[in-house]
Amino acid sequence: MTEKIIILDFGSQTTQLIGRRVRELNTYCEIVPYNKMPLDDPSVIGVILSGSPFSVYDEKAFKLNLDTIRGRYPILGICYGAQLIAYNNGGTVEPANSREYGRANLGFINHADPLFKDIESGAQVWMSHGDTITSIPANFHTIASTDKVPVAAYRADGEQLWGVQFHPEVFHSTCGMQLLQNFVVDICHSRQTWSAASFIETTVAALKEQLGSDKVVLGLSGGVDSSVAAVLLNKAIGKNLTCIFVDHGMLRKDEFKNVLRDYQCLGLNVIGVDASKKFFTELAGVTDPERKRKIIGKGFIDVFDEEAHKIKDVRWLAQGTIYPDCIESLSITGTTIKSHHNVGGLPEKMNLRLCEPLRLLFKDEVRAVGRELGMPDHLIKRHPFPGPGLAVRILGDITPEKVAVLQEADHIFIQGLRDWGLYDQVWQAGVILLPVQSVGVMGDERTYERAVALRAVTSTDAMTADWAHLPYDFLAKVSNDIINHVRGVNRVTYDISSKPPSTIEWE
Ligand code: XMP
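Being a predicted model, the structure only gives us computed values, none of them experimental. Here the residue numbering is sequential within each chain, running from 1 through the sequence in written order. Residue-level local features of this predicted model are given only where pLDDT is at least 70; pairs of side-chain atoms are given and counted only at 80 or more, and the full residue set underlies all totals for whole chains, interfaces and linings. Side-chain metrics rest on all non-hydrogen atoms present in the structure, leaving aside hydrogens and water.

Caption draft 1: How the structure looks around the overall build of the protein chain. Looking only at helices and strands, the protein chain has 14 helices and 19 strands in total. Values of the radius of gyration come from C-alpha atoms, whereas the globule rule sets the reference at 2.2 Å times the count of residues to the power 0.38. Its C-alpha atoms give the protein chain a radius of gyration of 26 Å, within 12% of the compact-globule value 23 Å for 507 residues. Each of the three principal axes of the protein chain carries a C-alpha extent, and together these read 80 × 60 × 40 Å. For the exposure calls, accessible area comes from a 1.4 Å probe over protein chains only, and a residue counts as buried if that area is under 20% of its type's maximum, exposed if over 50%, partly exposed in between. Across the 507 residues that make up the protein chain, the buried fraction comes to 56%. At a minimum sequence separation of 6, the contacts of the protein chain that also span at least 24 residues come to 75%. To measure how exposed things are, a 1.4 Å probe is used in the Shrake-Rupley method; for residues, cover is taken only from the protein chains shown. Total accessible area on the protein chain is roughly 22,700 Å²; 50% of this is exposed by carbon and sulfur atoms. Counted as positive: Lys and Arg. Counted as negative: Asp and Glu. His and the chain ends are not counted at all. Where a charge lies is defined by one atom per residue type, namely NZ (Lys), CZ (Arg), CG (Asp) and CD (Glu). Within the protein chain, one finds 52 positive and 61 negative side-chain charges whose respective centroids are separated by 5 Å. The secondary structure listing takes helices from DSSP runs of H or I that are at least 4 residues long and strands from runs of E that are at least 2 residues long, numbered from the N terminus. Residues count as neighbours in contact if any of their non-hydrogen atoms are within 4.5 Å of one another.

Caption draft 2: Summary view of the side chain of N234. Mapped onto the secondary structure, N234 falls in helix 5 (residues 224-237). When residues no more than four places from it in sequence are discounted, the contact partners of N234 are L241, L266, G267 and L268.

Caption draft 3: Seen up close, the layout of surface pockets. Cavities and pockets were defined on a 1 Å grid built from protein atoms only: a cavity is a group of points that admits a 1.4 Å probe but offers it no way out, a pocket is an open group of points flanked by protein on both sides within 12 Å along at least five of seven lines, and a lining residue is one with an atom within 4 Å of any such point. Grid points are joined across faces, edges and corners, and a volume is the space filled by probe spheres set on the points. In this model, the second largest pocket occupies a volume close to 440 Å³. Taken together, 20 residues form the lining of the second largest pocket, with T2, W194, F199, T202 and T203 sitting closest to its centre. Among the secondary structure elements, those contributing two or more residues to the lining of the second largest pocket are helix 4 (196-211) and strand 15 (353-355). The leading source of residues in the lining of the second largest pocket is helix 4, at seven residues. For the lining of the second largest pocket, the residue count by class is 10 nonpolar, six polar and four charged. The residue classification treats Ala, Val, Leu, Ile, Met, Phe, Trp, Tyr, Cys and Pro as nonpolar and Asp, Glu, Lys and Arg as charged. All others, Gly included, are polar.

Caption draft 4: Highlighting the sheet that holds strand 4 (residues 75-78). Pairing in this open sheet of eight strands is mixed, and the strands run 2-1-3-4-10-9-8-6 from one edge to the other. With one partner strand each, in any of the chains shown, strand 2 (28-33) and strand 6 (108-109) form the two edges of the open sheet. One requirement defines pairing of two strands: DSSP has to find at least two bridges between them. One ladder, built from six bridges, connects strand 1 (residues 4-9) with strand 2; its direction is parallel. Bridge pairing links I7 to I31 in strand 2. Lines fitted to the C-alpha atoms define the axes, with helices restricted to the stretch that makes contact. Angles between their N-to-C directions range from 0 to 180 degrees. Across the sheet, helix 1 (residues 15-24) touches strand 1, strand 2, strand 3 (44-49) and strand 4, and the angle it forms with strand 2 is around 160°. Helix 3 (residues 176-187) contacts strand 1, strand 3, strand 4 and strand 10 (161-164) of the sheet and is inclined by roughly 160° relative to strand 4.

Caption draft 5: Inspection of the packing of helix 13 (residues 400-419) against helix 14 (residues 472-485) at higher detail. Close contact between helix 13 and helix 14 brings their axes to 9 Å; oriented N to C, the two are set at 150°. What the angle tells us is that helix 13 and helix 14 run roughly antiparallel. The interaxial crossing formed by helix 13 with helix 14 has right-handed handedness. Contacts between helix 13 and helix 14 pair A409, I412, F413, G416 and L417 from the former with F474, V478, D481, I482 and H485 from the latter. Of the residues belonging to the contact of helix 13 with helix 14, the class tally is seven nonpolar, two polar and one charged. If an angle is under 35 degrees, it is roughly parallel; if it is over 145, roughly antiparallel; if it lies from 65 to 115, roughly perpendicular; otherwise it is oblique. The hand of a helix crossing depends on one turn: near helix anticlockwise from the far one by less than a right angle means left-handed, and clockwise means right-handed.

Caption draft 6: Empty space enclosed by the protein, seen in detail. The final tally for this structure, using the stated rule, is two cavities of 30 Å³ or more. Considering only enclosed or pocket space, the largest cavity measures out at about 40 Å³ in volume. Considered class by class, the residues forming the lining of the largest cavity number three nonpolar, two polar and three charged. The computed volume of the second largest cavity comes to approximately 30 Å³. Around the second largest cavity, the lining residues are T2, E3, N26, T27, Y28, T193 and W194. The class makeup of the residues in the lining of the second largest cavity is two nonpolar, four polar and one charged.

Caption draft 7: Here's a closer look at the pattern of salt bridges. Any Lys or Arg side-chain nitrogen located within 4 Å of an Asp or Glu carboxyl oxygen qualifies as a salt bridge. This model, assessed by the stated rule, comprises 28 salt bridges. Ionic pairing is found between D113 and R155, a salt bridge with its closest N-O pair at 3.6 Å. A residue pair is termed long-range when its members are at least 10 positions apart, and D113 in the loop between strand 6 and strand 7 (123-135) and R155 in strand 9 (residues 153-156) qualify at 42 residues. Residue classification places D113 among the buried residues on the basis of a relative accessible area of 5%. K381 is the salt-bridge partner of D424, the closest N and O atoms lying 3.6 Å from each other. Remark: K381 occurs in the loop between helix 12 (377-380) and helix 13 and D424 occurs in the loop between helix 13 and strand 16 (428-442); sequence separation between them is 43 residues.

Caption draft 8: Focus on the side chain of R393. Along the chain, R393 turns up in the loop between helix 12 and helix 13. You can call R393 buried: its relative accessible area is 3%. If sequence neighbours within four positions are ignored, R393 has contacts with R252, F385, P386, L406, D410, Q428, A429, G430, V431, I432, L433 and E505.

Caption draft 9: Summary view of the nonpolar core. Core analysis: the biggest nonpolar cluster contains 52 residues, and V217, M250, F413, L417, L454, L470 and I482 have the highest contact counts within it. The greatest single-element share of this core, amounting to eight residues, is contributed by helix 13. Ignoring sequence-local partners within four residues, the contact set of L417 consists of L422, Y423, A429, L470 and F474. By nonpolar core is meant a set of buried Ala, Val, Leu, Ile, Met, Phe, Trp, Tyr and Cys residues that side-chain atoms within 4.5 Å join together. In this structure, W194, L207, I322 and C355 belong to the second largest nonpolar core, which totals 42 residues.

Caption draft 10: Seen up close, the sheet that holds strand 13 (residues 270-274). Ordered in space as 13-12-11-14-15, the five strands form an open sheet in which the pairing is parallel. Since the sheet does not close on itself, it has two edges, and those belong to strand 13 and strand 15, each with one partner. The average undirected angle you get between the axes of adjacent strands in this sheet is 30°. Sheet analysis places strand 11 (residues 215-220) next to strand 14 (residues 314-318), joined by four bridges and oriented parallel. Each bridged residue has a counterpart across the sheet, and for V217 the counterpart in strand 14 is L317. Sitting on the sheet, helix 4 is in contact with strand 11, strand 14 and strand 15, with an inclination near 170° to strand 15. Along the sheet, helix 8 (residues 289-309) contacts strand 11, strand 12 (241-247), strand 13 and strand 14; its crossing angle with strand 12, the most-contacted strand, is approximately 145°.

The values reported here are purely geometric and, on their own, carry no functional implication.
The following block contains the structure:
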């Protein structure tokens, strides 16, 4: 049985980050809504309470009765989690005089407490809170303070119950990883056996058991997640897995051909379907971004369904869903900005059972599993690419001619990133074809042609992103190459917006 830490999610933006940090300690963990503690799961070795956008005294605040878990497992409350524990036990939580935001130093630390083992006085932590604990419950004691926050950390006397006002999970808390290690390893006694290799071993065995001799179909997109899912399933059930790779005509230059070849080299049983004509016909004249997405989503389902029905006795649909997709969909505060639906609706339509072997992994863990499975770097390190492809990077209506122009410009940009050793430094990159024409001059000729925008971002999970600070010399070279080689483009711009408030894709 895999021992696990449970993270109770009160809606903080950093809840996923807590999960990733615990996994970095080679310890399996699950994030569950704050009111869904799996009390009958014997493999739980400790519980972490996340932060929250609410104040404990808000009417809408997520409340939790700790009695069911207190004393059963070691507990660590972070930010709101710490405030909630203190408040529930008779402590006082009040709005801070000024919002505590940013770096702070733990001037006082009780070194006798196991949570602060090997953490020096003065250690840097990251604060982000509007409320503060002004008095702790009678049977609690303070174990760390900053000059502005007297109760930066506390412990309940004689109990395995701690609270920290700061965020140990964020990068700027330089002692954060040590603190989490102290909790997870020393206090909860994790044996730290969670790794890519152990995941593969247990998952392959579980898939063999679950699927037996059943037939499975899986939609490949060329992306990391579906590719790793396919290779993992192939290891478990071999030829009983059929992969379907649909070309909707909006893929990158030569992508269909190259990726199909890669998949065949990996020994996958893969069918490539060129359905571009269908998609171009259905998209003709459509300009609304959401309608484009819906048409592609539905078209994809139809093509996939038709292909899958050609295979006899299929019982399962496999998908490369990963953990952040699941957490987002059960998010307790989330709103939908864009519908990301490559295969949404497919399981219902096909009436198949769903198999999602990566649903508990974070992106970097999926890559580690792929590496462990012997997949080539260029597949594993591939940038994310949206399901609707270049369709959401052509603003306005879509024509084969526009796609061809964009494919050429995109190819120059992406190849340039590779040639300059910049590809792996950015999370994702691409070119956007703008519905704008502008005047230029080429030789003695006046031109009136299209403008494109280059987009490259850095990110860790695509939830937030910053524009990549690419070297000017590189941007100059790419701009020059695009204008000289791509017919119909006479102007190149660089998108310097971060997410939020912008998004990564333009549509
Ligand atoms: P946004 O534009 O919302 O994108 O900041 C966040 C990440 O999601 C990708 N993206 C998609 N991925 N199907 C996908 O599989 C989609 O419909 C879709 N739309 C956006 C985007 O490329 C970025 O990595």
